[in-house]
Amino acid sequence: MVTVTISPKYQVVIPKQIRDRLCLMPGQKIQAIAYGDRIELIPVRPIRDLRGSLKGLDTSVERAADRI
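Reading the values: rules and limits
Residues numbered from 1 in each chain as written. Predicted model: local features only at pLDDT ≥ 70, side-chain atom pairs only at ≥ 80, totals over all residues. Heavy atoms only, no water. Salt bridge = Lys/Arg side-chain N within 4 Å of Asp/Glu carboxyl O. Helix = DSSP H or I, 4+ residues; strand = E, 2+ residues; numbered from the N terminus. Buried < 20%, exposed > 50% of the residue type's maximum accessible area, 1.4 Å probe, protein only.

Engineer: Would you mind showing me how to read the pattern of salt bridges here?
Structural biologist: Once their charged atoms are close, side chains differing in charge can pair, the charge on each being opposite to the other. In the structure shown here, the tally under the stated rule is two salt bridges. Here Lys 16 makes a salt bridge to Asp 20, at a shortest N to O gap of 2.8 Å. Highlighted residues: Lys 16 and Asp 20, both in helix 1 (residues 16–22), separated by four residues, approximately one helical turn. The exposure class assigned to Lys 16 is exposed, which follows from its relative accessible area of 51%. Its relative accessible area of 47% is what places Asp 20 among the partly exposed residues. Note that Glu 40 and Arg 38 form a salt bridge whose closest N and O atoms lie 2.8 Å from each other. A relative accessible area of 28% places Glu 40 in the partly exposed class.

Okay, structure coming up:
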């Protein structure tokens, strides 16, 4: 676990080992969520990065007649 300090302008530097592990880039957007008594930072990824993430999903679902 790495400890960071909040600057007088409320800025925080994300440690290099975390930036490298998550492939974060300068200018990239991150969502900040207050969850209980902690803050979670979630990288916003382009929708294109999700391509193929549902590979193998069974799409043979019974559909209502008006939805075919």
